[in-house]
Structures are given as C-alpha cells and as structure tokens.
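# Architecture and fold: a report
The residues making up each chain are set out below.
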Amino acid sequence: MNRTLVELLAAKRDGEALTDAEIRHLMASFADGTLPDYQMTAFLMAVFFRGLDDAETVALTEAMLHSGSVVDLTSIPGIKIDKHSTGGVGDKVSICLAPLVAACGVPVPMVSGRGLGHTGGTLDKLEAIPGFRTDLSADDFARTVGTVGTCMIGQTKEIAPADRRIYALRDVTATVESIPLIVASILSKKLAEGIDGLVLDVKVGNGAFMKNEMCGRELAEKLVAVGTRAGKKVVALLTRMDAPLGVAVGNAIETREALEVLHGGGPADLVECTLMLGAEMLVLGDKAKDLTEAMAKLRKVMANGSAARVMEKMIEAQGGDARVVSKPALLEVAREVVEVKAPQGGFVTGVNARAIGLASVAMGAGRTRANQIVDHAVGLAMDAKPGDAVHKGQVVARLFVRDRARGEALADRVAAAFRYGACAETPGPLLMGRVPACG
C-alpha cells in the first residue's frame, strides 16, 4: 500500500528508512508543487535529526539529479574535472583554481553555489565583477567550456532544479549540517555537469560544517563512494578551517584576493590550498603523472600569465569586465573602514572562523533569508592571523562597510573572534587527510 506524503514525513521523523520509490515520489511531488516548501522543510529537519542510510542517500542524489537534465560535454576533448568545496570562511579558491587548471589543459566545467549559512558563495563573489553573468543556459555553459576551457555558473533550470530549491531552504532553516543532505546536494549538481571526475575539498573545523576530523572523513568517504558508484573518478582532501582562509572575507574583496593568486601573489594558505587541489585535478585529468609534476605546471601558468588570460576570456564570455583581472582594484569595496585593534600584546593564538563568517553575513555580505540581496562591496580583512605577533593597539582586522555606525556595532563581534596568548601557537597543517579514488 502506497503511503501518503504526510505518512512519509512521519516515517522519516520516526527514523524509518524510505524506499527508492518513496524518495522519488517525495522529490517528484516537490517538483510539481504537491509537496509545498513547508512540508519539504519538515522532511529536511527529519533527515537532519534521523539521517539517511547509504541506499537512501544514493536514491535522494539520483532523484535530485534526474529532476533536471545532464549537460552533454562529450564533444569537448579531454577529461573534464571539477572541484567542490563543502564551504568555509574566506574560501575563494574556485575563482583562481578553475583558470589555473584550465590553462594546464584540463577542461573545468563548474556549477557553483551561493552563500550557505555562515559561509560565502562562489557565485556571489563572481557577481561582484561588473556585468558577470552566472545564469548561462546549459548550451552556453557547454560552449564556453569548449572554447575557453572553463565556465563558472549557477544551477540553471535544467541542472538539478530540486537541489536549487532545497539548497535555499536549507540555508534559512538550520538544516545545513547534515551529511546525507550535503552529499546529495553536491553530487546531484556536480554529476549533472557532464564531468568525468571530481576533486572535493572537505573543510574541517569551527568555520566548516564538519566540526571535527571524524565527521569530515565520514563525509569525504561517503562523497567518494557515491560519486564512484555513479561512474566518476573522485578524490577528497580534508583541509583545516579553524581560521578564515586567506585575508579577505566578503565578496568583491575575496574576488580581488583570488585574482592576485593568478599573478603569483595572494596569502600563503590560499595559494597552498589552491595548488593542492589543482594538482589533484591535473592528475585525475591525465595532464600530470604525479602531484609534484602537477604543482610545477600550475606554478608555470601562474608565472607566464596563461592562467590570467584564461580568466579574462572566461569573464568576457560571461559578459563581465575582464579589466578586473589586471586591475583588481576596479572591484568596488565599501569605503567606510572600521578598525579592530588588539587589546593586548603577545601572539594571535586563534581566529574563530565561524564568528567571522557570521559577522560578514550581518554586514550584508551573506543572507539571513532566501530572497535577500547581498552587498558585494562590504567585507573585512584579517590583518593578523594565528601565529602572528601583535602589540597592544595594533590593527588586527578592518571592516569595510557602507554605514560606519553599523560597522562599529559589529566590530565587537569581530574582536571577540580573536584569541591572544603570551606564547606563539603554530597552526596545524592545512591538509588534514586524503580519501583516494576507489573502485
């Protein structure tokens, strides 16, 4: 006997496993409006607390994937590889990574997301570029990947539309930190891109959705297993996210920083993360025999300007002002500056990434409701990182805001994110672990 939608919600609330057919029915009902947003939210909350087993997770991924169409990139030569991050504070890696890898000969089709919870979104950062369009059709997306080597868009109406709606609901209903929902969300849209392989950056720490290494590894292993089951080559890295990545947190200010990397600049931790992930992509894409050779190739296209030229071509193809690649200062950053100063001398022993991310959202760089418009110009810069020596009164962060009074009201939140001590504490290594391709 077929159960009603309400009975299915109750079953998952009570911890029962749903069948493939029942999950497909839930997703189809959500797509045609039979299951409204408030009931889908009930399902998401039930999954948050009760979880999904492996079979349910695969069924949900496939149902979300087949809520739309799969992009056909078979006419483009080469092994198509994408990268996905589970989300962190200051994580602008995709913006510099895609053109770097494409410049080395690996096609990079990339469907990205917007800010989720306290973490920023690649699309919001890219849209800080004047005129840049992330809403290309699937055909234009494929054409740009073929001619430029990479293209970075949001989910189209064709690509996993169920995920796009569920993603927005999770962002504002406190149901983000769920491993099965994260797996289904990531893989449904990534598999719809027409890729051959995927490198995953699973963030771990107080600024990530996975707070500890055990949970991060569980997520990484599940992503690799489900992706492999779908016939793709998948590798996952676990990277530390206890402090913001790089210096900039916001939208335009992060895009500026990512563009600096293409010219051989940028903060050391951002460069390290970008090169690690890029090297994995080149090996999966058969453009390097090992990670050492891959690193050398990535540094070469930084040094000779090839990666910057790919970025310019991608921006032009997507309607944006390509001058920002050579002149990142063209990206508007709010002019009012509020400084945060160290209350004591010594060393910065920690910077709470989650607190910084929440402060950035409160500034207007992120969303507290699904339809909110972000302010690309606001953000903040970390003038001191863990391990740095500081003196009393030294500026450790700057808030870039439209309204000074609002910035001053948030300065205490940013100040509270910093910890100080008499002795330096060496931050842990950025790379915490690796889950290799299986099968």
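In this report, the structure presented in the accompanying data block is examined. (Residues numbered from 1 in each chain as written. Predicted model: local features only at pLDDT ≥ 70, side-chain atom pairs only at ≥ 80, totals over all residues. Heavy atoms only, no water.)

### Some thoughts on the overall build of the chain
- Across its full length, the chain holds 16 helices and 13 strands.
- Rg of the C-alpha trace for the chain: 21 Å, near the compact-globule value of 22 Å for 439 residues, within the 12% margin.
- Projecting the C-alpha coordinates of the chain onto the three principal axes gives extents of approximately 70 × 45 × 40 Å.
- Within the span of the chain, comprising 439 residues, buried residues form 58% of the whole.
- For the chain, contacts bridging at least 24 residues in sequence account for 78% of all contacts bridging at least 6.
- When the accessible surface of the chain is split by element, carbon and sulfur atoms take 52% of a total near 17,100 Å².
- Separation between the mean location of the 50 positive side-chain charges and that of the 52 negative ones in the chain comes to 3 Å. (Helix = DSSP H or I, 4+ residues; strand = E, 2+ residues; numbered from the N terminus. Rg over C-alpha atoms; globule rule 2.2 N^0.38 Å. Buried < 20%, exposed > 50% of the residue type's maximum accessible area, 1.4 Å probe, protein only. Contact = heavy atoms within 4.5 Å. Areas by Shrake-Rupley, 256 points an atom, 1.4 Å probe, with all protein chains shown as cover. Lys, Arg positive; Asp, Glu negative; His and termini not counted. Charge placed at Lys NZ, Arg CZ, Asp CG, Glu CD.)

### Focus: the packing of helix H2 (residues 20-32) against helix H3 (residues 37-50)
- The geometry of H2 relative to H3 is characterised by a closest axis approach of 10 Å and an angle of 150 degrees between their N-to-C directions. Classed by the angle they form, the pair H2 and H3 counts as roughly antiparallel. As for how H2 packs across H3, the hand of that crossing is left-handed. Each of Leu26, Met27 and Phe30 in H2 lies in contact with H3, whose residues at this interface are Asp37, Met40 and Phe43.
- Here the contact of H2 with H3 is composed, by residue class, of five nonpolar, no polar and one charged. (Axes fitted to C-alpha atoms, helices over the stretch in contact; angles between N-to-C directions. Parallel < 35°, antiparallel > 145°, perpendicular 65-115°, else oblique. Left-handed = near helix turned anticlockwise from the far one by under 90°. Nonpolar A, V, L, I, M, F, W, Y, C, P; charged D, E, K, R; others polar.)

### What about the nonpolar core?
- Counting 91 residues, the largest nonpolar core has Met311, Ile356, Leu399, Val414 and Phe418 as its most contacted members.
- Of the residues forming this core, the biggest block, 10 residues, is contributed by helix H12 (residues 268-284).
- Setting aside chain neighbours within four positions, we find Leu399 in contact with Glu336, Val337, Val338, Val340, Met363, Gly379, Leu380, Gly407, Leu410, Ala411 and Val414.
- With 40 residues, the next largest nonpolar core counts Leu198, Val204, Leu223 and Leu238 among its residues. (Core = buried A, V, L, I, M, F, W, Y, C linked by side-chain atoms within 4.5 Å.)

### Quick look at the sheet that holds strand S5 (residues 233-240)
- Strand order across the open sheet formed by four strands is S1-S4-S5-S13, with mixed pairing between neighbours. A single partner strand is all that each edge strand has here, and the edge strands are strand S1 (81-85) and strand S13 (431-435). Across the sheet, the mean angle from the axis of one strand to that of its neighbour is 15 degrees, orientation sign disregarded.
- Where S1 lies against strand S4 (residues 197-204), five bridges are found, and the strand directions are parallel. Counterpart to Ile81 in the pairing with S4 is Gly197.
- The strands touched by helix H9 (residues 179-191) within the sheet are S1 and S4, with S1 carrying the most contacts at an inclination of about 160 degrees.
- Across the sheet, helix H10 (residues 213-229) lies against S4, S5 and S13, angled at about 165 degrees from S5, the strand it touches most. (Pairing = 2+ DSSP bridges.)

### Structural notes on the sheet that holds strand S8 (residues 346-351)
- The antiparallel open sheet is built from three strands, whose spatial order is S10-S8-S12. Of all strands in the sheet, those bounded by a partner on one side alone are strand S10 (389-390) and strand S12 (418-421).
- Bridging between S8 and S12 involves four bridges; their strand directions are antiparallel. Counterpart to Val351 in the pairing with S12 is Phe418.

### Things to note about the packing of aromatic side chains
- Under the criterion given, the structure shown has two aromatic pairs.
- A ring pair is formed by Phe48 and Phe49, whose centres lie 5.2 Å apart and whose planes are at 80 degrees; its orientation type is edge-to-face.
- A relative accessible area of 63% means that Phe49 is categorised as exposed.
- Ring geometry for Phe418 and Tyr420: centres 6.3 Å apart, planes at 15 degrees, overall stacked. (Phe/Tyr/Trp six-rings, centres within 6.5 Å; stacked < 30°, edge-to-face > 60°.)

### Comments concerning the environment of Asn2
- Checked against the element boundaries, Asn2 lands in the segment before helix H1 (5-13).
- Exposure remark for Asn2: the relative accessible area of 74% places this residue in the exposed category.
- When the C-alpha positions of Asn2 and Ala21 are compared, they lie 9.8 Å apart, and in sequence the two are 19 residues distant.

### Comments concerning the side chain of Thr239
- Following the sequence through the fold, Thr239 ends up in strand S5.
- With relative accessibility at 0%, the residue Thr239 sits in the buried group.
- Residues within four places of Thr239 in sequence aside, it is in contact with Asp201, Val202, Lys203, Val204, Met276, Leu430 and Met432.

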